[in-house]
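# Survey of secondary and tertiary structure
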Amino acid sequence: MKRILCIQDLSTVGRSSLAVVSPVLSVMGYQCCPLPTALLSTHTGGFAPVERLDATGFFSAALEAYRAQEIAFDAVYTGYLCSPAQAAVAADELRRCGAALRVTDPAMADNGRLYGGFGPEMVEAMQTLCGEADLITPNATEAALLAGEQPRERYGADEVEALCERLAGRYGARVVITGAPLEGGQTVCVGRGEAAWEHFTLRCSYVDAAYPGTGDLFCAVLTGALMRGNALQSAAELALRFTENAARATFAARRDPRFGLEFEPLLGELLPPREEPSWAR
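What comes next concerns the included structure. (Residues numbered from 1 in each chain as written. Predicted model: local features only at pLDDT ≥ 70, side-chain atom pairs only at ≥ 80, totals over all residues. Heavy atoms only, no water.)

The next subject is the overall build of the chain. A count of helical and extended segments in the chain gives 8 helices and 11 strands. Here the chain has a C-alpha radius of gyration of 18 Å; the compact-globule value for 281 residues is 19 Å, and the two agree. If you line up the chain on its principal axes, its C-alpha atoms span 55 × 45 × 45 Å. Every one of the 281 residues in the chain was classed for burial, and the buried ones make up 52%. In the chain, once contacts between residues fewer than 6 apart in sequence are set aside, the share between residues at least 24 apart is 68%. For the chain, the exposed surface amounts to about 12,900 Å²; the carbon and sulfur share of it is 51%. Taken as two groups, the 24 positive and 34 negative side-chain charges of the chain have centres that lie 3 Å from each other. (Helix = DSSP H or I, 4+ residues; strand = E, 2+ residues; numbered from the N terminus. Rg over C-alpha atoms; globule rule 2.2 N^0.38 Å. Buried < 20%, exposed > 50% of the residue type's maximum accessible area, 1.4 Å probe, protein only. Contact = heavy atoms within 4.5 Å. Areas by Shrake-Rupley, 256 points an atom, 1.4 Å probe, with all protein chains shown as cover. Lys, Arg positive; Asp, Glu negative; His and termini not counted. Charge placed at Lys NZ, Arg CZ, Asp CG, Glu CD.)

This next bit is on the packing of aromatic side chains. The final tally for this structure, using the stated rule, is 5 aromatic pairs. One aromatic cluster is present, formed by Y80, Y115 and F118 through successive ring pairs. The side chain of R152 reaches across the aromatic face of Y155, ending 5.2 Å from its centre. (Phe/Tyr/Trp six-rings, centres within 6.5 Å; stacked < 30°, edge-to-face > 60°. Lys NZ or Arg CZ within 6 Å of the ring centre and 35° of its normal.)

Along the chain, G169 falls in helix α6 (residues 157-171). Looking at G169, the relative accessible area reads 62%, which means it is exposed. Residues G169 and A196 lie 27 residues apart in sequence; the distance between their C-alpha atoms is 9.7 Å.

Counted under the stated rule, the structure contains 15 salt bridges. The partner of E132 in a salt bridge is R95, with the nearest N and O atoms 3.2 Å apart. Here R95 lies in helix α3 (residues 84-97) and E132 lies in the loop between α4 (120-130) and β8 (135-136), a separation of 37 residues in the sequence. You can call E132 buried: its relative accessible area is 19%. Of the charged contacts, one joins R166 and E149 as a salt bridge, the two residues approaching to 2.8 Å between their closest N and O atoms. Residue R166 is located in helix α6, and its partner E149 is located in the loop between α5 (140-146) and α6; the two are separated by 17 residues in the primary sequence. A relative accessible area of 40% means that R166 is categorised as partly exposed. (Salt bridge = Lys/Arg side-chain N within 4 Å of Asp/Glu carboxyl O.)

Take the environment of L267 next. Residue placement: L267 occurs in the segment after α8 (232-252). With relative accessibility at 13%, the residue L267 sits in the buried group. In sequence terms L267 and G46 are 221 residues apart; their C-alpha atoms lie 25 Å from each other. Each residue touching L267, except ones within four places of it in the same chain, is listed here: P23, V24, V27 and F242.

The next subject is helix α7 (residues 214-227). Here α7 is 14 residues long and its end C-alpha atoms lie 20 Å apart, about the 20 Å a rise of 1.5 Å per residue gives. Burial runs high along α7: 12 of the 14 residues are buried. Immediately beyond the C-terminal end of α7, within one or two residues, lies G229, with a positive phi of roughly 100 degrees. (Expected span 1.5 Å × (residues − 1).)

Put into structure tokens, the structure is as follows:
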């Protein structure tokens with residue numbers, strides 16, 4: 001069974017980060033190895049107060065322990081990191097790990113602004129981290145910051161494609177920009193593979209609600225599909241449609257958006273093809 005090291009925070013209530021990533025990758029057939037960068041009582045998307053425990057010391061020590069025990073990972077996937085110092089540790093891990101797939105979701109901003117407590121130093125640290133990744137999955141705001149540009153409220157589809165090209169050239173990585181808002185109530189997912197001709201634009205409609213952890217769900221499914229050998233576009237299509245279906249179902253059920261997307265009833269759609277057990281042959 002392939003082993004994926006997932007480096008991001010853990011919120012005990014609210015579907016985000018490791019609370020989303022772990023079940024998704026597990027049901028897709030991988031051993032998810034969660035390495036929390038912080039422990040939170042809830043995510044910060046609507047809950048308050050939030051109790052936090054910074055796990056920087058544990059995070060760094062755990063990586064050293066893996067190296068000492070020669071524990072190898074088939075993929076490393078980084079998500080939300082609490083500080084530039086954590087991003088530097090994650091970049092060092094991507095540089096040294098030798099994994100077949102290194103994915104970075106540069107979770108630092110949305111809706112045109114940085115998350116609370118982050119400044120220019122975090123942008124610089126994320127830029128360095130993205131330089132070590134094989135695939136980066138920023139949202140539109142993060143994509144602009146990674147490109148050294150000012151984020152915008154709305155984009156044309158061609159403008160998102162051009163931004164994607166600039167990121168691919170700058171970081172030498174495959175790129176998927178998620179949730180880029182367009183006029184007319186649509187969002188696009190734009191991808192650029194290893195070759196200049198390998199690009200795509202996928203569209204979906206908004207639901208009238210904002211759900212924390214949506215990007216985490218998308219990136220987890222995308223990572224799992226790539227580990228199965230899917231091409232980037234087909235992996236992104238699977239991730240987008242699964243996330244879209246979860247959003248529609250959650251919205252139709254009128255759930256409190258703070259608790260995130262109710263993806264659990266849909267997990268069976270992600271199961272790998274079942275092989276006949278050897279004893280039954």
